[in-house]
There are 4 protein chains.
Amino acid sequence: MISFECDYAEGAHEAVLKRLMETNMEQLPGYGCDSYCESARKKIRKACGCPDADVFFLMGGTQTNAVVIRTMLAQYEGVLAAATGHIGVHEAGAIEYTGHKVLELPQHLGKIDAAELEDYLKSFFADENHEHMVFPGMVYISFPTEYGTLYTKKELTEISGVCRKYEIPLYIDGARLGYGLTSKANDVSLPELASLCDAFYIGGTKVGALCGEAVIFPKGNSPKHFMTMVKQHGAMLAKARLIGVQFDALFTDNLYFKISRHANEMAEKMKKGFAEAGCRFLLDSPTNQQFLILENSRMEELKKKAAFSFWEVVDEKHTAVRFASSWATTEENVDKLLEIVKKM
Amino acid sequence: MISFECDYAEGAHEAVLKRLMETNMEQLPGYGCDSYCESARKKIRKACGCPDADVFFLMGGTQTNAVVIRTMLAQYEGVLAAATGHIGVHEAGAIEYTGHKVLELPQHLGKIDAAELEDYLKSFFADENHEHMVFPGMVYISFPTEYGTLYTKKELTEISGVCRKYEIPLYIDGARLGYGLTSKANDVSLPELASLCDAFYIGGTKVGALCGEAVIFPKGNSPKHFMTMVKQHGAMLAKARLIGVQFDALFTDNLYFKISRHANEMAEKMKKGFAEAGCRFLLDSPTNQQFLILENSRMEELKKKAAFSFWEVVDEKHTAVRFASSWATTEENVDKLLEIVKKM
Amino acid sequence: MISFECDYAEGAHEAVLKRLMETNMEQLPGYGCDSYCESARKKIRKACGCPDADVFFLMGGTQTNAVVIRTMLAQYEGVLAAATGHIGVHEAGAIEYTGHKVLELPQHLGKIDAAELEDYLKSFFADENHEHMVFPGMVYISFPTEYGTLYTKKELTEISGVCRKYEIPLYIDGARLGYGLTSKANDVSLPELASLCDAFYIGGTKVGALCGEAVIFPKGNSPKHFMTMVKQHGAMLAKARLIGVQFDALFTDNLYFKISRHANEMAEKMKKGFAEAGCRFLLDSPTNQQFLILENSRMEELKKKAAFSFWEVVDEKHTAVRFASSWATTEENVDKLLEIVKKM
Amino acid sequence: MISFECDYAEGAHEAVLKRLMETNMEQLPGYGCDSYCESARKKIRKACGCPDADVFFLMGGTQTNAVVIRTMLAQYEGVLAAATGHIGVHEAGAIEYTGHKVLELPQHLGKIDAAELEDYLKSFFADENHEHMVFPGMVYISFPTEYGTLYTKKELTEISGVCRKYEIPLYIDGARLGYGLTSKANDVSLPELASLCDAFYIGGTKVGALCGEAVIFPKGNSPKHFMTMVKQHGAMLAKARLIGVQFDALFTDNLYFKISRHANEMAEKMKKGFAEAGCRFLLDSPTNQQFLILENSRMEELKKKAAFSFWEVVDEKHTAVRFASSWATTEENVDKLLEIVKKM
């Protein structure tokens, strides 16, 4: 059965796998000190326009969020995030497990609003009892968001401005960063994004790699002894080459962006086809995740022919579902899916 | 200046202090193994109608909440609380510091609703992704709430029923339990409250003691090696007699309830006076905390003559403030306060 | 039965209790902002010769150790302590509970050695793998030690020198500080001790108070937002006056030192009497705790007439036990004890 | 330069890599629910003789130790380990970071002794103050140990017996399990090892895989909601197939054991050659890690021609170093190494 269940259903892009094979029997030092990790770091710094950036390789998104947030917060601080933020909802309490509260901000199609953020911060410090409360110590946003939506350059700049005014770091979860940056709707470049935040990660797991995320501290501002804390979290890899080689391949000849763009093109095709078939959208997503509201009976029928994922209950008779494209999605499969949808 | 700022402005009730003096030079074992702790436990068990209850003495409310919640939750669980719950707002993240998330429920004048609780639990277990989310592992409510309001016996029974259906313990924060139980509006007895929950504490700090809270596990259901974990939290007292003696005094001749009733009578007098003076109430509180909405200019004027506490900003021109009575409030001071208010 | 079981068997010194009674009905602000806390802080700063010191009041020793150590360590650091240090042995893992390792140093009658400390630090940083290990981030010593022994001024100065060379703070657990400072064998003054370390606490619970310890950061070097973190640990007191008033009394007219000296005099009398009775000492303690090695049969007999505490098993036939004097020990009771011992 | 620095210098065994390539473009569910993970589980259960075992796949050793130990311990418990145990020395405090103490036992060539373990447990429960101490809640051993040594079947059986007597689980760190089981000196089978413990892991990272460890709870005794806690630790993989496919390959046609045996043969050849060249051994290791004591001048000379790793300082003039073979070590390189050593 064709599957649009998620963007991590396949292994790795063939160029990535090829590099793993070619370098497989080289004897390399561990823990990220090898030449491939170093080469990948250089290419990433260049792509980000951050010659002084600190770059680290971790395994997955939840791990990256937990390590970065824990090591950047002071003990008395929590992290601000949209009510729908991944760290607050779908990470099994991994942030709280490190001892820190996730402070909720209102969400608008998955995004926070700069003015509401400023209100929060202003009210907090104005509250006479704030020494008894969790200090807001960081802002977390995802790009694209959990709903596939994007912050505009203007929105990002405003959020960044509030963060700097209140001296609070801005951290961007880029699990699907490639799909965000190469969306037709996007007006933010990677160097711009890097310059507006204090830490972010470039997702590999969902964008062409077997596994791995690249954490970037754009101004060389990584927490002191970061790798020792990475080890403490159980996140240090003996064979870090595994991720270094992959990111080295992904950042060669623009591969990361080419394959991301392909995913978006497939998503646009789906979106157009869904619209033509009269489907109802949960919201307007410009990236690789498309959300439909289906009648439950129609959903059950569709399930027999194509895989997609449950998103949320809308009402007694309707369910929101997600169709995700990825670097690996073939046009042929999109056509098959639309064929099925049209016939329903 | 007369003060209605809080219910912990004075030391201890004189009968409590007297017992501390009388027993001061006795040589007693430490860590809660002395005869006064034992006597207090017996009296508390009797008052609660729980002959098998485990009773422990801790120092303060935040500490008690953190210890009880942490030791009763499994690692993968969080605690459900009203959005206005003390543990979620004014404890500086003490629960998250122990590694657990506070899961928010809607609040209605500080209270949660049994039906909304059940919806939350039902939805959680129905969500196909719930293994990636924080499991709801306990329900926290306060009695009275942070807004001075009370659950009726019916409401408590319904919440308790939902908890039992889902096999989740119900924990009641009784920082001001005396003021709740002796309110004219209350229809729940201490034995009833004890039988409806799995753990609760009887607040001493705000009700006549120098310090100390009594934690009760009504069915003898305290977590295994509870005292070792209390020590781990830095909450074990060498001279636990300090709290044992005080609770022994408070639970002799109904003292705890008598002095609580007095506080409520003083609060009712304030309430009536405020109403007669045409004050605007933030809400209708039947216990020792009364909340008014004052014009800012009037508030500033009043501040010069009586102490009260800031509650929250209502709008640009109005502020909500709190007047608290306690076991120590004199009728004379209430009269003075009302005199001032009437003249404004 | 007369008891020498511990130095926290009685309540508070009468002058302390008197101040609590006198101030009982004053309305005071909470959380350490009252005039008695402020007065106590001033007196303590003066006694320590540290006009800029930050002074905080906490409830007990384990709590104080956990809060100070956690808030002064970086995430990648642990705390060095003698193998017999209280934090490593008798605090139920309260330090590890905060996420930090207790790194063991060899102990010599409860003390660490400056040269061994330096060796440890030197070896650590010389180890090529030290980024995979817990960084030594603080040195913990107790004064007097868990064995009643004392560091000389020379020893303290050497340890302090090593700490400064390696830029690691020195923290002194002063649960029994009074008994250390007023020992005839002591050559360190309170201002000297304060100047040689980065944080320490003056124990109240074991030296005349109902409860409470005063934490001092001699150079005003308390961690940022310390009180918020105190609250996070569940260690903030609503009625902090309880401790402020007691320390205010203890640091009036040298009371703290007078009553400590009395305890030492009683201990010396015991020691002399034990020696005359031919008892075998576990070690030579110059402070209020005296350790004897008793034949088990003799120990059982003695237990019937006087209370003391088990220390450790020496061999199959002998046990080490502890006799503690305190501010409350009467000469009459010491005489009775020695009478009993001599007859055995 | 030829390298014997560690057993994680190369990528993956070619058969493992081949399976990754073959399965790369299959669309599979995430989080360990795919058919390869399931197939690997079946093969592992069979190899272990544990039809009811729970099997999970994690990324690395420190992560696995932290997750297993944290989820199996009660809050008041710590884990017993040899003073040289990996968790106590080279994991940057990852266990303490989860809130639990590592309790040290004496080490004998990296091993603990059953009688000393029993003494520890007996003394602990006999200590009148043990409620104030960390409860021993688990025994951790490594097989082979950090020194390459092995427990005999008799030793393992005795340790297991003590654990069962005291109802404490036994956990075996098998980072190099293959090298232990296929050593000529070994007399324990995988099913025997599985039956003697309560949890263990089969190391992949050091034995033929790109990454990954297989955690086994032999009696189906995994902690409740284990995967949710794995996620909390940031250890859940979206593309868990990455590890499933690899273990499926490693447990096909005995590959895991064949390649482990090869490493041991190469180590034996080294050992014999070293002995013939008159080298001094730090200890007698029967597995893939060989430890020599070299004069510092000779060590520096050797460093120019072959890579090995620093182990520890022996004295001013001598250093202990480690030569590790692995599944990837060629006989040709061993010959070259021995040629160099003999000429020195």
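Here is what the cut-offs are and how they apply
- Residues numbered from 1 in each chain as written.
- Chains lettered and ligands numbered in written order.
- Predicted model: local features only at pLDDT ≥ 70, side-chain atom pairs only at ≥ 80, totals over all residues.
- Heavy atoms only, no water.
- Buried < 20%, exposed > 50% of the residue type's maximum accessible area, 1.4 Å probe, protein only.
- Helix = DSSP H or I, 4+ residues; strand = E, 2+ residues; numbered from the N terminus.
- Right-handed = clockwise from strand over helix to strand, strands pointing away.
- Pairing = 2+ DSSP bridges.
- Contact = heavy atoms within 4.5 Å.
- Buried area = accessible area lost by both parts, 1.4 Å probe.
- Salt bridge = Lys/Arg side-chain N within 4 Å of Asp/Glu carboxyl O.
- Polar contact = N/O pair within 3.5 Å; in protein donor to acceptor, adjacent residues only side chain to side chain.
- Nonpolar A, V, L, I, M, F, W, Y, C, P; charged D, E, K, R; others polar.
- Axes fitted to C-alpha atoms, helices over the stretch in contact; angles between N-to-C directions.
- Parallel < 35°, antiparallel > 145°, perpendicular 65-115°, else oblique.
- Left-handed = near helix turned anticlockwise from the far one by under 90°.
- Least-squares fit on C-alpha atoms with pLDDT ≥ 70 in both.
- Expected span 1.5 Å × (residues − 1).

Trainee: So what's going on with the pairing of strand 6 (residues 170-173) of chain D? Residues and values would help.
Mentor: Residue and element names in this part refer to chain D. Residues of strand 6 alternate between two faces, with L170 and I172 on one and Y171 and D173 on the opposite face, all of them buried. Following the backbone out of strand 5 (residues 135-142), through helix 7 (residues 153-165) and into the adjacent parallel strand 6, one traces a crossover that is right-handed. Relative to strand 7 (residues 199-203), strand 6 is paired through two bridges, and the arrangement is parallel. Within strand 7, the position partnered with I172 by the bridge is F200.

Trainee: Let's hear about the interface of chain B and chain A: which residues, and what values?
Mentor: Interface size, as often reported, equals the accessible area lost upon joining of the parts. Counting residues at the interface gives 20 residues for chain B, matched by 20 residues for chain A. Considering only the surface of chain B that becomes buried against chain A, E96, K101 and F310 of chain B emerge as the three largest contributors, covering 28% of it. For the pair chain B and chain A, the number of links is two salt bridges. A salt bridge links E96 of chain A to K101 of chain B, with the nearest nitrogen and oxygen atoms 2.7 Å apart. On inspection of chain B and its partner chain A, the count reaches eight residue pairs in polar contact (both at pLDDT 80 or more). Looking at the side of chain B that touches chain A, the elements with two or more residues in it are helix 4 (86-89) and helix 5 (94-97) of chain B. When its residues are assigned to classes, the side of chain B that touches chain A shows seven nonpolar, eight polar and five charged.

Trainee: With reference to specific residues and values, describe the interface of chain D and chain A.
Mentor: Each partner contributes to the interface: chain D provides 44 residues, whereas chain A provides 44 residues. Both faces considered, chain D and chain A share a buried interface measuring about 4,000 Å² in area, 57% of it formed by carbon and sulfur atoms. When the area that chain D buries against chain A is broken down by residue, the three leading residues are Q27, Y97 and K239 of chain D, summing to 19%. Where chain D meets chain A, there are zero salt bridges. At the boundary of chain D and chain A, one finds 32 residue pairs in polar contact (both at pLDDT 80 or more).

Trainee: Any details on the packing of helix 1 (residues 14-23) of chain B against helix 11 (residues 241-250) of chain B? Residues and values, ideally.
Mentor: All names here are of chain B. Viewed as axis vectors pointing N to C, helix 1 and helix 11 meet at an angle of 130°, and their least axial separation amounts to 9 Å. One way to sum up the angle between helix 1 and helix 11 is to call them oblique. Crossing geometry of helix 1 relative to helix 11 is assigned as right-handed. Facing helix 1, whose interface residues are A15, V16, R19, L20 and T23, helix 11 presents R241, L242, V245, Q246, D248, A249 and L250. Split by residue class, the contact of helix 1 with helix 11 holds seven nonpolar, two polar and three charged.

Trainee: Please set out the relation of the copies chain B and chain A residue by residue, giving values where relevant.
Mentor: For these two chains of identical sequence, chain B goes onto chain A by a turn of 180° and a shift of 0.0 Å along the axis, with RMSD 0.0 Å. Each copy turns onto its partner about a two-fold axis. Most of the interface of chain B is mirrored in chain A: 100% of its interface residues are interface residues there too.

Trainee: So what's going on with helix 2 (residues 35-48) of chain D? Residues and values would help.
Mentor: Residues and elements named next belong to chain D. Its 14 residues place the ends of helix 2 20 Å apart at the C-alpha level, agreeing with the 20 Å of an ideal helix rising 1.5 Å per residue. Turning to helix 2, its buried residues number three or more, namely Y36, C37, A40, R41, I44, R45 and C48. Against helix 1 (14-23), strand 2 (54-58), helix 9 (190-196), strand 7, strand 8 (213-217) and helix 11 (241-250) lie the buried residues of helix 2. Between a side-chain oxygen at the N-terminus of helix 2 and the backbone nitrogen of Y36 the separation is 3.0 Å; the capping residue is D34. Count one or two residues on from helix 2 and you reach G49, which has phi positive near 65°.

Trainee: Mind laying out helix 6 (residues 114-126) of chain C, listing which residues take part and the relevant values?
Mentor: A rise of 1.5 Å per residue sets the reference length of helix 6 of chain C, with its 13 residues, at 18 Å; its end C-alpha atoms lie 18 Å apart and thus fit the reference within 8%. In the core, the buried residues of helix 6 of chain C are packed alongside strand 3 (77-82), strand 4 (102-105), strand 5 (135-142) and helix 7 (153-165) of chain C.

Trainee: Break down the side chain of E96 of chain C for me, citing the residues and quoting the values.
Mentor: Mapped onto the elements of the fold, E96 of chain C is located in helix 5 (residues 94-97). The class for E96 of chain C is buried, based on a relative accessible area of 2%. Side-chain polar atoms of E96 of chain C contact the side chain of K101 of chain D, separated by 2.7 Å.

Trainee: Residues and numbers for the pattern of salt bridges, please.
Mentor: Following the criterion strictly, the structure yields 76 salt bridges over all chains and no others. Among the salt bridges present, the one from D7 of chain B reaches R176 of chain B, with a minimum N-O distance of 2.6 Å. Of this pair, D7 of chain B sits in the loop between strand 1 (2-3) and helix 1 while R176 of chain B sits in the loop between strand 6 (170-173) and helix 8 (177-181), and the two are 169 residues apart along the sequence. The pair D7 of chain B / R176 of chain B is uniform in exposure class, with both members buried. Through salt bridges with shared partners, a single network forms among K18, R19 and E22 of chain A.

Trainee: So what's going on with the relation of the copies chain D and chain A? Residues and values would help.
Mentor: When chain D is fitted to chain A, the residual RMSD is 0.0 Å, and the transformation amounts to a turn of 180° plus an axial shift of 0.0 Å. Both copies present the same face, since 100% of the interface residues in chain D are matched by interface residues at the equivalent positions in chain A.

Trainee: Can you explain the sheet that holds strand 10 (residues 289-295) of chain D? Please cite residues and give values.
Mentor: Residues and elements named next belong to chain D. Pairing in this open sheet of four strands is antiparallel, and the strands run 9-10-13-12 from one edge to the other. Looking at which strands have only one partner, the edges of the open sheet turn out to be strand 9 (280-281) and strand 12 (309-315). As paired strands, strand 10 and strand 13 (residues 318-324) are joined by seven bridges and run antiparallel to one another. Opposite Q290, over in strand 13, you have F323 as the bridge partner. The sheet contacts of helix 12 (residues 255-276) involve strand 9, strand 10 and strand 13, and relative to strand 10 the element is tilted by about 25°. Packed on one face of the sheet, helix 13 (residues 296-303) meets strand 10 and strand 13 and runs near 120° to strand 10.

No statement about biological role is implied by the geometric values presented.
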